[in-house]
Amino acid sequence: MSGFHKDVILKEDAPAQLFLSKHREFLHNYAKSQDSYEYVMSEWLRASGVYWCLTALELLDKNELSENDIFQFVMSCFNEEKGGFGASENHDPHLLYTLSCVQILAIIGRLDDLKTDKIVEFCCGITAARWVILW
């Protein structure tokens, strides 16, 4: 059986507007609450989470996070030997997190600080290895 299924039914008196200040507050608190269960358990996707939060704050026109702190975090994810970025510090590099970190650096205007040759080598190495596997 196909069709659209509503998994949530909103009450008649539910707010009709988007509470932007609540969204900003949530995103800023997420970045600051490093002792919370959610923060600790999401370490495996941290770089992508930072990208999502930063993008949302940019869209809300309220990015008040320290760009230097963001830069320091991103560079702590970089694996100098392999040339890619991991999800967080001391994680293995992965193409997804490399993309997220490059996007973060683009948003904060720090692309010139990238080791472009290393990143290209990492990405091409992954692509070449996958191509061989497919054949």
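In the block above lies the structure referred to throughout.
Residues numbered from 1 in each chain as written. Predicted model: local features only at pLDDT ≥ 70, side-chain atom pairs only at ≥ 80, totals over all residues. Heavy atoms only, no water.

**Topic: the overall build of the chain**
Point 1. In terms of helices and strands, the chain carries six helices and zero strands.
Point 2. Along the chain direction, N to C, the helices and strands of the chain fall in the order α-α-α-α-α-α.
Point 3. Rg of the C-alpha trace for the chain: 19 Å, well past the compact-globule value of 14 Å for 135 residues, more than 25% over.
Point 4. Its C-alpha atoms give the chain principal-axis dimensions of about 55 × 45 × 25 Å.
Point 5. Per-residue burial over the chain gives 30% buried out of 135 residues.
Point 6. Here the analysis covers contacts within the chain between residues at least 6 apart in sequence; of these, 62% occur between residues at least 24 apart. (Helix = DSSP H or I, 4+ residues; strand = E, 2+ residues; numbered from the N terminus. Rg over C-alpha atoms; globule rule 2.2 N^0.38 Å. Buried < 20%, exposed > 50% of the residue type's maximum accessible area, 1.4 Å probe, protein only. Contact = heavy atoms within 4.5 Å.)

**Describing the packing of helix 3 (residues 46–59) against helix 5 (residues 95–107)**
Point 1. Packing of helix 3 against helix 5 leaves a shortest axis separation of 8 Å and a crossing angle of 30°. Between helix 3 and helix 5 the crossing geometry is left-handed. Residues A47, S48, V50, Y51, L54, T55 and E58 of helix 3 form the contact with helix 5, whose participating residues are L96, Y97, S100, C101, Q103, I104 and I107.
Point 2. Each residue belonging to the contact of helix 3 with helix 5 can be placed in one class, and the counts come to nine nonpolar, four polar and one charged. (Axes fitted to C-alpha atoms, helices over the stretch in contact; angles between N-to-C directions. Left-handed = near helix turned anticlockwise from the far one by under 90°. Nonpolar A, V, L, I, M, F, W, Y, C, P; charged D, E, K, R; others polar.)

**A few points about the side chain of S88**
Point 1. Within the secondary structure layout, S88 lies in the loop between helix 4 (67–76) and helix 5.
Point 2. Given the relative accessible area of 6%, S88 is considered buried.
Point 3. Leaving out residues up to four positions away in the same chain, S88 has contacts with E43, R46, F73 and C77.

**Concerning a nonpolar patch on the surface**
Point 1. A contiguous nonpolar surface patch, about 340 Å² in accessible area, is contributed by Y37, V40 and M41.
Point 2. Take V40: it is sitting in helix 2 (residues 37–41).
Point 3. A residue is classified by how much of its surface remains accessible, and V40, at 47% relative accessible area, is partly exposed. (Patch = residues over 30% accessible without salt bridge, like charges linked within 9 Å, V, L, I, M, F, W, Y side chains within 5 Å. Areas by Shrake-Rupley, 256 points an atom, 1.4 Å probe, with all protein chains shown as cover. Salt bridge = Lys/Arg side-chain N within 4 Å of Asp/Glu carboxyl O.)

All we've got here are geometric facts, nothing functional implied.
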